[in-house]
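Tertiary structure, described
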There are 2 protein chains.
Amino acid sequence: MKNILLIVIDGLGDRPNAIFNGLTALEYAYTPNMDRLAGMGTNGLMYPVDIGVVAGSDTSHLSILGYDPSLVYTGRGPFEAMGLGINVKPGDIAFRANFATVDPSGTVTDRRAGRSSMETGKLAREISMNIDGIDFLVKEGVEHRAALVMRGKDLSPDVSDSDPHSAGARVKRIEAKSESGKFTAGVLNKYLDTARKILRESPSNSKRKQHGLPEANELLIRGAGIVPELQDFSSKFGLKAACVAGVPIITGIASLAGMEIHKNERMTGTVNSDFDAKISTALDLLGKYDFVLVNIKGPDVAGHDRNPVLKKEVIERIDKAFERLIPAGSGNVICITGDHSTPCSVGEHSGDPVPILLYTEGCRRDRVNAFNEVASADGSLRIKSGEVMRYLMQMSDRSEKYGA
Amino acid sequence: MKNILLIVIDGLGDRPNAIFNGLTALEYAYTPNMDRLAGMGTNGLMYPVDIGVVAGSDTSHLSILGYDPSLVYTGRGPFEAMGLGINVKPGDIAFRANFATVDPSGTVTDRRAGRSSMETGKLAREISMNIDGIDFLVKEGVEHRAALVMRGKDLSPDVSDSDPHSAGARVKRIEAKSESGKFTAGVLNKYLDTARKILRESPSNSKRKQHGLPEANELLIRGAGIVPELQDFSSKFGLKAACVAGVPIITGIASLAGMEIHKNERMTGTVNSDFDAKISTALDLLGKYDFVLVNIKGPDVAGHDRNPVLKKEVIERIDKAFERLIPAGSGNVICITGDHSTPCSVGEHSGDPVPILLYTEGCRRDRVNAFNEVASADGSLRIKSGEVMRYLMQMSDRSEKYGA
């Protein structure tokens, strides 16, 4: 039995770019290591979640890891909360949240409180509390972002947002969307009233004012979701698993699946992340774990920025880090794919498939000698993300025979 | 967001033909416009309904339009009745019907009444009536063909045919296949007895006799089906939709889906249909509608006639009409595919996949430079008909992201 290294390059897929004479960033980039692995392995296209679906990173990673998002995806809140370091538990209700600026009449003047994270960590701790037996946990994120988690009995995600979703509107009261949401809505309104008073009186907001920043005097919440129970990855597949990733949403999913998270401050989840550190960390972990998931975020960021030249450069730096994968592929199974396409011409995710390559010594080969959206289509696989784990299991000689 | 033009060439797929040295009609035909679109777009093979299914035009079109035929296909009767212009409603029971010739003993002498439609329109109106609170609506079709629709309370499709399916046999009494079909069978027998008397005494049948035609003195019915409720296409996909088609079964499906039907007398649904009129009508409609479905029937007719030379010629004339699609593809999404294969060597539908091409400016390209059963297999897509709408939605930038 071999161990498995699964490398998911976020937003990898693209569409033709005029600046590359109609090639994609991945086609145009100089990627000798990916191409060499492609030439030695099994290639094809992967449809994230399903063919034509415009998948998010969260739903696609869940699906790649063998969890059907139609059963376990309960909104972005729970996954972001995990990613911000809140140790969420199944049954918790989680919201995405913004620190915002509100005038005395209750009208939102800046939904993002100047996009500044100054003192938001302290503010988050100040408004983490227990009300009527319910724990309210707030954790700050990048810039104005945060997450709110409610923990306790009789909670339901069937409640509306307080976030009016536009400046100039008033903060909304939480309302129950059904009978089962009534208790949650009630205690949530009580909590938000309390939090509002604390935020307005906090010395942290005085400090923000001294620095010329808008006060973070309101926590706007949206997208209630219940934290799902994911079957432990190690019991699901019999694989002791680790995750190397810089972005909260991926480490959150991996945590919920029971994987151990390995990250350091050089793994930033940006185009400047230390790709070499990720790959060398992952290869070190492959000795201690049966399965290592690596997420590399950079190309997605370049796609969202509509910057094909940056995407190409990031891909070339990633490929450089892949140099050491080739010897590692002899004793392990290596899979490289994307979680979705983020075409530079679109600036958002699209439903185009992504290339996938799988390599281990002695594996089935096809005629593909390059790793990209066009060349990989000559390969043998057309695979949905939810089928990837099954394929990896058989390539690593870990599958049980179905039948005799 | 772009608009979508979906062109379904009926019976497009084929198998090798000896007369073309083992090529299919589509491979052998000179199709510079389809080939050019293929070279600019995303290609592949589509499995009608599902891989290996020998799909009908009705089940395949339902599936392509996003309706699962296993849920909504209730037999051909409802769809043919719609296509003949009966404004069927969900819950109606519909039958396919033949005007037939029966001798005084009740034995069928000609199941198709000389294949003549003479006076069948008048006869159909004469035997449209209300019995015991149930409306019976009859509409004539091509040659001897017709449809019967029952409308009223407590009706069930669980009844047998009156059509014995062969000449020399006696007309059958309708029987209930279950308890729930008893009322329907009873009122239907009463109706058929009444209709029989009217048909025998009708001056229209005297006229037929004067013209040397067999009397159309019996309405043989078969294939009871209940008209299904289809979710409105515009609410299902958020697309205001039109259909350009000449054949009743397709316009029937489109009507049931709430599409507006555009046809004129030059769109005949035959090999001599005015393909240019169809495409120019469709392109005009693309300005006013978000989605236009075009059905082109000719190649299916040639396939059923086992005539590969005719099929090739029809395909070449269709391709000529596609000349104007290329400029239209810049601002819209264009999809060309078939609804099933009708191999000339078989003369009937087969379960072989059909080529599919999708093109819009800036879309993902692959290495395919021709549109046919063989070349398209080098493309990136292996898609089931039920997945086509989702793919078109993402190509037209209309999909919502699933996740974050």
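Since the structure is predicted, the reported quantities are computational estimates derived from the model, not experimental observations. (Residues numbered from 1 in each chain as written. Chains lettered and ligands numbered in written order. Predicted model: local features only at pLDDT ≥ 70, side-chain atom pairs only at ≥ 80, totals over all residues. Heavy atoms only, no water.)

Another aspect to go through is the overall build of chain A. Broken down by element type, chain A carries 15 helices and 14 strands. Here the C-alpha radius of gyration of chain A, 23 Å, is about what a compact globule of 404 residues would show, namely 22 Å. Burial statistics for chain A: of 404 residues in total, 60% are counted as buried. Considering only intrachain contacts with a sequence separation of at least 6, the fraction spanning at least 24 residues in chain A is 73%. Of the roughly 15,500 Å² that chain A leaves accessible, carbon and sulfur atoms contribute 47%. For chain A, the separation between the mean place of its 49 positive charges and that of its 51 negative charges on side chains is 2 Å. (Helix = DSSP H or I, 4+ residues; strand = E, 2+ residues; numbered from the N terminus. Rg over C-alpha atoms; globule rule 2.2 N^0.38 Å. Buried < 20%, exposed > 50% of the residue type's maximum accessible area, 1.4 Å probe, protein only. Contact = heavy atoms within 4.5 Å. Areas by Shrake-Rupley, 256 points an atom, 1.4 Å probe, with all protein chains shown as cover. Lys, Arg positive; Asp, Glu negative; His and termini not counted. Charge placed at Lys NZ, Arg CZ, Asp CG, Glu CD.)

What follows is about the confidence of the model for chain A. Detailed reading of the predicted model is not advised wherever pLDDT is low. Mean pLDDT over chain A stands at 95; residues scoring 70 or higher make up 100%. Taken over the whole predicted complex, pTM reads 0.89, whereas the ipTM for its chain interfaces reads 0.86. (pLDDT = per-residue confidence, 0-100.)

The next point concerns the interface of chain A and chain B. The interface is formed by 38 residues belonging to chain A together with 24 residues belonging to chain B. When chain A packs against chain B, close to 2,400 Å² is buried across both sides, 50% of that on carbon and sulfur atoms. On the chain A side of the interface with chain B, the three residues burying the most area are R15, I51 and V54 of chain A, jointly 24% of the side's total. Where chain A packs against chain B, one counts five salt bridges. (Buried area = accessible area lost by both parts, 1.4 Å probe. Salt bridge = Lys/Arg side-chain N within 4 Å of Asp/Glu carboxyl O.)

All names here are of chain A. At a minimum axis separation of 7 Å, helix 2 (residues 32-40) and helix 13 (residues 308-321) run at an interaxial angle of 60°. Between helix 2 and helix 13, the angle is such that the two are oblique. Contacts between helix 2 and helix 13 involve P32, N33 and M34 from the former and I315, I318, D319 and K320 from the latter. The class makeup of the residues in the contact of helix 2 with helix 13 is four nonpolar, one polar and two charged. (Axes fitted to C-alpha atoms, helices over the stretch in contact; angles between N-to-C directions. Parallel < 35°, antiparallel > 145°, perpendicular 65-115°, else oblique. Nonpolar A, V, L, I, M, F, W, Y, C, P; charged D, E, K, R; others polar.)

Residues and elements named next belong to chain B. The interhelical angle for the contact between helix 11 (residues 275-285) and helix 13 (residues 308-321), taken along N-to-C directions, is 35°, at an axis separation of 8 Å. When the axes of helix 11 and helix 13 are compared, the crossing they make is right-handed. Residues F275, D276 and I279 of helix 11 form the contact with helix 13, whose own contacting residues are V314, R317, I318 and A321. In terms of residue class, the contact of helix 11 with helix 13 is made up of five nonpolar, no polar and two charged. (Left-handed = near helix turned anticlockwise from the far one by under 90°.)

A few words on the pairing of strand 6 (residues 134-140) of chain A. Residue and element names in this part refer to chain A. Pairing geometry for strand 5 (residues 129-131) and strand 6, over three bridges, is antiparallel. Bridged to N130 within strand 6 is D135. Count of turn residues in the strand 5/strand 6 antiparallel hairpin: two residues, of which D132 carries a positive phi of about 50°. The loop that links strand 6 with its antiparallel partner strand 7 (residues 145-151) comprises four residues; one of these, E143, has a positive phi angle of about 50°. (Pairing = 2+ DSSP bridges.)

Attention now moves to the relation of the copies chain A and chain B. Note on the identical chains: chain A maps onto chain B by a rotation of 124° and an axial translation of 0.2 Å, with an RMSD of 0.2 Å. Expressed as an axis order, the relation between the two copies is that of a three-fold axis. Identified as the residue of chain A closest to the rotation axis by C-alpha distance is D378 of chain A, at 3.7 Å. Of all interface residues in chain A, a mere 5% are interface residues in chain B too; the two copies therefore contact each other through different surfaces. (Least-squares fit on C-alpha atoms with pLDDT ≥ 70 in both.)

All names here are of chain B. The strand order 10-9-11-1-12-13-2-14 describes an open sheet built from eight strands, whose pairing is mixed. Each having just a single partner strand, strand 10 (260-262) and strand 14 (381-384) make up the two edges of the open sheet. With direction set aside, neighbouring strand axes in the sheet form an average angle of 20°. Relative to strand 14, strand 2 (residues 42-47) is paired through four bridges, and the arrangement is parallel. If you follow L45 over to strand 14, its bridge partner there is R382. This element, helix 2 (residues 32-40), spans strand 1 (3-9), strand 2, strand 12 (332-338) and strand 13 (354-359) of the sheet and lies at about 65° to strand 13. Contacting strand 9 (241-244), strand 10 and strand 11 (291-296), helix 10 (residues 248-256) runs over the sheet at an angle of about 150° to strand 10.

A separate point is the packing of aromatic side chains. Summed over the entire model, instances satisfying the criterion amount to 11 aromatic pairs over all chains. The interplanar angle of 15° and the centroid separation of 4.4 Å between the aromatic rings of F20 of chain A and Y28 of chain A together place this pair among those described as stacked. Ring pairs connect the aromatic residues Y73 and F79 of chain A together with Y402 of chain B, which therefore count as one cluster. Above the plane of the ring of Y67 of chain A lies K236 of chain A, whose end atom (NZ or CZ) is 5.0 Å from the centre. (Phe/Tyr/Trp six-rings, centres within 6.5 Å; stacked < 30°, edge-to-face > 60°. Lys NZ or Arg CZ within 6 Å of the ring centre and 35° of its normal.)

Note: α-helices contain 3.6 residues per turn, so residues at a spacing of three or four share the same orientation. Residues and elements named next belong to chain B. With seven of nine residues buried, helix 10 lies mostly within the body of the structure. Buried within helix 10 we find I249, I250, T251, G252, I253, A254 and L256. Considering only its buried residues, helix 10 is in contact with helix 3 (57-64), helix 5 (76-83), strand 9, strand 10 and strand 11. Immediately downstream of helix 10, the backbone of G258 shows phi near 85°, a positive value.

The pairing of strands in a sheet happens through backbone hydrogen bonds and is either parallel or antiparallel. Residue and element names in this part refer to chain A. Across the sheet, eight strands lie side by side as 10-9-11-1-12-13-2-14; this open sheet has mixed pairing. The open sheet is flanked by strand 10 (260-262) and strand 14 (381-384), the only strands paired with a single partner. The average angle at which neighbouring strand axes cross in this sheet is 20°, direction not considered. Relative to strand 13 (residues 354-359), strand 12 (residues 332-338) runs antiparallel, the two sharing four bridges. By the bridge assignment for strand 13, C335 is matched with L358. Where helix 3 (residues 57-64) meets the sheet, it contacts strand 1 (3-9), strand 2 (42-47), strand 11 (291-296) and strand 12, and its direction lies at approximately 160° from that of strand 1.

Here the focus is the side chain of N205 of chain B. Residues and elements named next belong to chain B. Here N205 lies in helix 8 (residues 203-210). Of the residues examined, N205 reaches a relative accessible area of 1% and is grouped as buried. With near-sequence residues (within four places) excluded, N205 lies in contact with L123, L199, E215, A216 and N217.

This part covers the state of the cysteines. Tallied over the full model, the rule gives zero disulfides over all chains. Take C363 of chain A: it sits in no disulfide, and the sulfur closest to it among the cysteines is that of C335 of chain A, at 11 Å. (Disulfide = S-S within 2.5 Å.)

Bringing helix 13 of chain B into the picture now. Residue and element names in this part refer to chain B. Here helix 13 contains 14 residues, and its C-alpha end-to-end distance of 20 Å stays within 8% of the 20 Å for a straight helix at 1.5 Å per residue. For helix 13, the complete set of buried residues consists of P308, L310, K311, K312, V314, I315, I318, D319 and A321. Lining the buried residues of helix 13 we find strand 1, helix 1 (25-28), helix 2, helix 11, strand 11 and helix 12 (298-304). (Expected span 1.5 Å × (residues − 1).)

All names here are of chain A. Among the structural elements, S162 can be located in the loop between strand 7 and helix 7 (182-201). A polar contact of 3.0 Å, which involves the side chain of S162, links it to the backbone nitrogen of I221. Aside from chain neighbours lying at most four places away, what touches S162 is V171, K172, I174, L192, L219, L220 and I221. (Polar contact = N/O pair within 3.5 Å; in protein donor to acceptor, adjacent residues only side chain to side chain.)

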